[in-house]
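Each chain is listed here by its residues.
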Amino acid sequence: MKLFLPIFFITSIAIAIAGCEVRISDPSKLKVGQSTGFDVRDVYGKPSSEWKEPDGSMVWMFVKGPMGYQTFKATIGADNVLKSMEQVLSDAYFAKVQKGMSMMDVERLLGKPAEDVTFPLKKERVWTWRYEAGPSLNRMFDVHFDTNGQVVEINRRDDPATG
């Protein structure tokens, strides 16, 4: 009986771990124009968000990293072939965020934010994305929305979690 409990416990843990989804795929194996939506899901798993475009293609957003420093946007054509794959937490994408944009437009551009905070006295909501601005340099990109869900302010700051 003394040996039964430790063996039972170890076996139970092994079975539980085996049931977990583990991804050890290589993202560099994905090729635009060749890889399929199935290949993308094999590498990145289930998207954090997704939507269908008017042309029948699907857009999948994948928030990665322990604090969301990377978000990949995959566009899968109606034929299930990868049309594009981009890291959207970048200066090029941040420059597309403009005053007056809706929350939905911003989320479709940058993916889900790492932080979502409401300031009732200021009557605003702030979404924050963490991003890699360079080697060993992490920053934060903030988008402020008014009570109508429209962008009213945009700013960047150093990430205190890495300082």
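See the structure printed just above.
**Some points on the side chain of Ser35**
Alright, step 1. Checked against the element boundaries, Ser35 lands in the loop between helix H1 (4–18) and helix H2 (37–44).
Alright, step 2. Side-chain polar atoms of Ser35 contact the backbone nitrogen of Lys31, separated by 2.7 Å.
Alright, step 3. Each residue touching Ser35, except ones within four places of it in the same chain, is listed here: Lys29, Leu30, Asn80, Val81 and Leu82.

**Observations regarding helix H4 (residues 103–110)**
Alright, step 1. Here H4 has its buried residues at Met103, Val106, Leu109 and Leu110. Relative to the axis of H4, the buried residues are bounded by an arc of 130 degrees and lie together on one face.
Alright, step 2. Looking at the buried positions of H4, the neighbouring elements they touch are strand S2 (58–64), strand S3 (70–76), helix H3 (91–94), strand S6 (124–134), strand S7 (137–145) and strand S8 (151–158).
Alright, step 3. The first or second residue beyond H4 is Gly111, which carries a positive phi of 85 degrees.

**A look at the sheet that holds S2**
Alright, step 1. Here we have four strands laid out as an open sheet, ordered S1-S2-S3-S4, and antiparallel in their pairing. Looking at strand neighbours, the two that pair on one side only are strand S1 (49–52) and strand S4 (82–87), the edges of this open sheet. The mean angle between the axes of side-by-side strands here comes to 15 degrees, regardless of whether they run parallel or antiparallel.
Alright, step 2. Here S2 pairs with S3 via seven bridges, running antiparallel. Across the sheet, Val63 pairs through a bridge with Thr71, a residue of S3.
Alright, step 3. Packed on one face of the sheet, H4 meets S1, S2 and S3 and runs near 75 degrees to S2.

**Some remarks on the pairing of S7**
Alright, step 1. Across the nine residues of S7, seven count as buried, placing the element largely inside the fold.
Alright, step 2. Summarising the sheet, S6 and S7 pair through nine bridges and their orientation is antiparallel. Residue pairing across strands places Gly134 opposite Leu137, the latter belonging to S7.
Alright, step 3. Count of turn residues in the S6/S7 antiparallel hairpin: two residues, of which Ser136 carries a positive phi of about 60 degrees.
Alright, step 4. With seven bridges connecting them, S7 and S8 associate as antiparallel partners. By the bridge assignment, Val143 is partnered in S8 with Ile154.

Each value, and the rule that gives it
- Residues numbered from 1 in each chain as written.
- Predicted model: local features only at pLDDT ≥ 70, side-chain atom pairs only at ≥ 80, totals over all residues.
- Heavy atoms only, no water.
- Helix = DSSP H or I, 4+ residues; strand = E, 2+ residues; numbered from the N terminus.
- Polar contact = N/O pair within 3.5 Å; in protein donor to acceptor, adjacent residues only side chain to side chain.
- Contact = heavy atoms within 4.5 Å.
- Buried < 20%, exposed > 50% of the residue type's maximum accessible area, 1.4 Å probe, protein only.
- Arc of directions from axis to C-beta.
- Pairing = 2+ DSSP bridges.
- Axes fitted to C-alpha atoms, helices over the stretch in contact; angles between N-to-C directions.

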